[in-house]
Amino acid sequence: MTQTAPDPAAPLVFDTAELGRSSGTTMHVALEVPAPAGLGLAGYAVPESSPLDVDVHLTAVSEGVLADGEVGAVAEGECARCLAPVQDALRVQVQELYAYEGSVTDATTEADEILRLSGDLLDLEPAVRDALVLAMPVTPLCRPDCPGLCADCGVPWDELPDDHVHETVDPRWAGLDKLRLADTDGESK
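Residues numbered from 1 in each chain as written. Predicted model: local features only at pLDDT ≥ 70, side-chain atom pairs only at ≥ 80, totals over all residues. Heavy atoms only, no water.

Trainee: Would you mind showing me how to read the nonpolar core here?
Mentor: The tendency in soluble globular proteins is for nonpolar side chains to be buried as a group. Ranked by size, the top nonpolar core spans 38 residues in total, and within it Val46, Leu52, Leu58, Tyr98, Leu122, Leu124 and Leu132 carry the most contacts. Those elements that place two or more of their residues in this core are β2 (26-34), β4 (44-46), β5 (51-61), β6 (64-78), β7 (85-99) and α2 (125-135). With residues up to four places along the chain from it excluded, the contact list for Leu122 reads Leu12, Val13, Phe14, Thr16, Leu58, Val65, Tyr98 and Leu117. (Core = buried A, V, L, I, M, F, W, Y, C linked by side-chain atoms within 4.5 Å. Buried < 20%, exposed > 50% of the residue type's maximum accessible area, 1.4 Å probe, protein only. Helix = DSSP H or I, 4+ residues; strand = E, 2+ residues; numbered from the N terminus. Contact = heavy atoms within 4.5 Å.)

Set out below in C-alpha cells:
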C-alpha cells in the first residue's frame, strides 16, 4: 500500500519542520478542527464538519515524530434497541509514531505497519480515526436498560402501558378458537 502525500491544508495535517530532527524537541498543538467525513460506523458517527478538540504533543524521537495526546468529539446515531437519537461525548487517547522518510523503520517494517511523515508533514487523521472508531460502541444505546420496541406494534416499550399485550392466536389452533368464540357468543363466526 503506497501512502499518498497529505494535503498541507487539511485540518489534521501538521508541519513538523520546527521540530527538526532533534530528539526531545516538542511542539504542542491544541485546537478545534472540523471532523473529516466518514468518521464512525453505520448508524453511529461523528458528523462531518462537527468540532474535533485536538490536544496533542508532537515530539521528535530518533526514528520520527511521536504524536501523543487526546481528541474529543461528539458522536451521534440511534439506539440499537428503540431507535431513539443517541449522542455521546467521546474523549480518546492518541499515540502514534510517524517514521521519518528513509529511517531504519523503512527496512524493519512493512509499508502499512507504521505511519510515516511525508517530508515534514504529519497526517494525524488515520490515528484519530482509528482511536475514535475503536471507542465507539458496536450497539449504541440510549441507556443501558433500554427495553426496545414492541415486536408486534413497533412502539417503544417506554411509551406503552405496563399491561400492554397483543392477542395472538397460533394458526394451528385457529379452528378451535372459532369454536370458543361461538360458545361465548352463542353463534358461529
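Trainee: Honestly, the pattern of salt bridges in this entry has me stumped. Any pointers?
Mentor: Tallied over the entire structure, the rule returns four salt bridges. With a closest N to O distance of 2.5 Å, Arg129 and Glu125 form a salt bridge. In this pair, Arg129 and Glu125 are both assigned in helix α2, four residues apart and thus about one turn of the helix distant. Salt bridges sharing common partners tie together Arg143, Asp145 and Asp158. (Salt bridge = Lys/Arg side-chain N within 4 Å of Asp/Glu carboxyl O.)

Trainee: Explanation requested: the pairing of β5 in the structure shown.
Mentor: A regular strand places its side chains so that they alternate between the two faces of the sheet. Relative to β5, β2 runs antiparallel, the two sharing nine bridges. Across the sheet, the residue bridging to Pro34 is Pro51, located in β5. Strand direction decides the pairing type here: β5 and β6, joined by nine bridges, are antiparallel. Its bridge partner lying in β6, Val54 is registered against Val71. (Pairing = 2+ DSSP bridges.)

Trainee: Would you mind going over unusual backbone geometry with me for this structure?
Mentor: Working note: non-glycine residues mostly have negative phi, and peptide bonds are mostly trans. In this structure, Ser49 is a non-glycine residue whose phi angle is positive, near 70°. Take Ser49: it is sitting in the loop between β4 and β5. On the accessibility criterion, Ser49 (53% relative accessible area) is exposed. Despite not being glycine, Leu83 shows a phi value in the positive range, around 70°. Positionally, Leu83 belongs in the loop between β6 and β7.

Trainee: Would you explain a negative patch on the surface in this entry?
Mentor: On the surface, Asp15, Glu18, Glu101 and Asp120 cluster together into a negatively charged patch. In this structure, Glu18 sits in the loop between β1 (13-15) and β2. (Patch = residues over 30% accessible without salt bridge, like charges linked within 9 Å, V, L, I, M, F, W, Y side chains within 5 Å. Areas by Shrake-Rupley, 256 points an atom, 1.4 Å probe, with all protein chains shown as cover. Lys, Arg positive; Asp, Glu negative; His and termini not counted. Charge placed at Lys NZ, Arg CZ, Asp CG, Glu CD.)

Trainee: Explanation requested: the state of the cysteines in the structure shown.
Mentor: Covalent bonding between the sulfur atoms of two cysteines defines a disulfide. Under the defined criterion, the tally for this structure stands at zero disulfides. With no disulfide of its own, Cys82 lies 3.6 Å from the sulfur of Cys146, the closest cysteine sulfur. Among the residues examined, Cys82 registers a relative accessible area of 12% and is labelled buried. Looking at the unpaired Cys150, the closest cysteine sulfur is the one in Cys153, lying at 3.6 Å. (Disulfide = S-S within 2.5 Å.)

Trainee: Could you clarify how one ought to interpret the pairing of β7 in this entry?
Mentor: Bridge count between β6 and β7: 15 bridges; the pairing is antiparallel. For Glu78, the partnering residue across the bridge sits in β7 and is Pro85. Adjacent in sequence and paired antiparallel, β6 and β7 are bridged by six residues, among which Leu83 carries a positive phi angle near 70°. Judged from the two bridges that link them, β7 and strand β8 (residues 115-116) form a sheet pairing that is parallel. Bridging from a neighbouring strand, Ala99 pairs with Arg116 of β8.

Trainee: Which parts of the structure should I look at to understand the packing of aromatic side chains?
Mentor: Both the distance between ring centres and the angle between the ring planes are used here to describe each pair of aromatic rings. One pass over the full model with this rule turns up zero aromatic pairs. Looking at Arg21, its charged tip hangs above the ring of Tyr100, at a distance of 3.9 Å from the centre. (Phe/Tyr/Trp six-rings, centres within 6.5 Å; stacked < 30°, edge-to-face > 60°. Lys NZ or Arg CZ within 6 Å of the ring centre and 35° of its normal.)

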